[in-house]
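Reading the structure
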Amino acid sequence: MRGRQLRRAAICLLAVVAAVPVTACASGQESVGRPAAAREDGQRADPDAARRAAEKAALDAYSGYLAASRTASGRSDPRAPELVRYLADPLLSRVQLSIRDAKEHGAMRTGTVKSDPTVTAVSLDAKPATVEIQDCLDTTGYRLVYAKDKRVVPGSGGGKHLSTATATRYPDGRWLINYGATHRDQPC
């Protein structure tokens, strides 16, 4: 019984932390918002600069999300403060639940995740503004292990799979990752 529960927790943790980590992939189409308000000096804001700034902020949030998830998973700490610096609900709750489930079953994450994300869409006119990210996550070196003796949990192996995420700009100006999915049916 305990082994079955741990395997379920391992599968859940893989799906969430690998993004990392549920539905469809990004379309690859880009929609760029055009700021309507003029600056005080009468010049219009550069839409390309706004797009580049949004892309950078979203990719920084995504990178922070992966690092925070690895750290929190390695410490078995679902309430790690770094998680809320990069994640928002519903993804924040999913990641916290996954870490808690692994901890309750005596497991934790070790190792590294390799990531090479790209922006696939920018929607600055959307309310709220969003940036879609696509990644080929390599979790072959990221293991779910028993905390007591560091043995690998059976059935918890990683791989290389397409992952998608959404970064959303919140009213306070922060870009947070609030959606993430690993597409196990799409190796990369």
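What you see is a predicted model, and the numbers here were worked out from it, not measured in a lab. (Residues numbered from 1 in each chain as written. Predicted model: local features only at pLDDT ≥ 70, side-chain atom pairs only at ≥ 80, totals over all residues. Heavy atoms only, no water.)

Moving on to the overall build of the chain. The helix and strand tally for the chain stands at 4 helices and 6 strands. Ordered by position from the N terminus, the helices and strands of the chain form the series α-α-α-α-β-β-β-β-β-β. Per-residue burial for the chain yields a buried fraction of 43% across its 188 residues. Split by element, the accessible area of the chain, about 9,700 Å² in all, is 52% carbon and sulfur. (Helix = DSSP H or I, 4+ residues; strand = E, 2+ residues; numbered from the N terminus. Buried < 20%, exposed > 50% of the residue type's maximum accessible area, 1.4 Å probe, protein only. Areas by Shrake-Rupley, 256 points an atom, 1.4 Å probe, with all protein chains shown as cover.)

This paragraph deals with the nonpolar core. Ranked by size, the top nonpolar core spans 27 residues in total, and within it Tyr62, Tyr65, Leu83, Leu87, Val131 and Ile177 carry the most contacts. For this core, the secondary structure elements donating two or more residues are α2 (47-75), α4 (91-104), β3 (130-138), β5 (160-169) and β6 (175-187). Ranked by residues supplied to this core, first place goes to α2 with 8 residues. Not counting residues up to four positions away in its chain, the partners in contact with Val131 are Ala54, Ala58, Val119, Ala121, Val122, Ala165, Thr166, Ala167 and Trp175. (Core = buried A, V, L, I, M, F, W, Y, C linked by side-chain atoms within 4.5 Å. Contact = heavy atoms within 4.5 Å.)

With that settled, consider the side chain of Asp135. Within the element layout of this structure, Asp135 appears in strand β3. For Asp135, which is buried and forms no salt bridge, the nearest opposite charge comes from Arg70, at a distance of 8.5 Å. A polar contact is formed between the side chain of Asp135 and the backbone nitrogen of Asp116, at a distance of 2.8 Å. Once residues within four sequence positions are removed from consideration, Asp135 is found in contact with Tyr62, Leu66, Ser115, Asp116, Pro117, His161, Leu162 and Ser163. (Lys, Arg positive; Asp, Glu negative; His and termini not counted. Salt bridge = Lys/Arg side-chain N within 4 Å of Asp/Glu carboxyl O. Polar contact = N/O pair within 3.5 Å; in protein donor to acceptor, adjacent residues only side chain to side chain.)

The residue after Asp89, namely Pro90, is reached through a cis peptide bond having omega 15°. The residue Pro90 is located in the loop between α3 (81-86) and α4 in this model. For the bond running from Lys127 to Pro128, omega is 0°, close enough to zero to count as cis. Residue placement: Pro128 occurs in the loop between β2 (118-123) and β3. Here Ser76, not a glycine, exhibits a phi torsion of approximately 55°, which is positive. On the secondary structure map, Ser76 appears in the loop between α2 and α3. Overall, the relative accessible area of 12% leaves Ser76 in the buried class. At Lys150, a residue that is not glycine, the phi angle is positive and equals roughly 65°. Structurally, the position occupied by Lys150 is in the loop between β4 (142-146) and β5.

Turning our eyes to something else, we now look at α4. With 14 residues, α4 should reach 20 Å at 1.5 Å per residue; the first-to-last C-alpha distance of 20 Å fits that figure. Those residues of α4 not exposed but buried are Leu91, Leu92, Val95, Gln96, Ser98, Ile99, Asp101 and Ala102. Gly106 sits one or two residues past α4 and shows a positive phi near 75°. (Expected span 1.5 Å × (residues − 1).)

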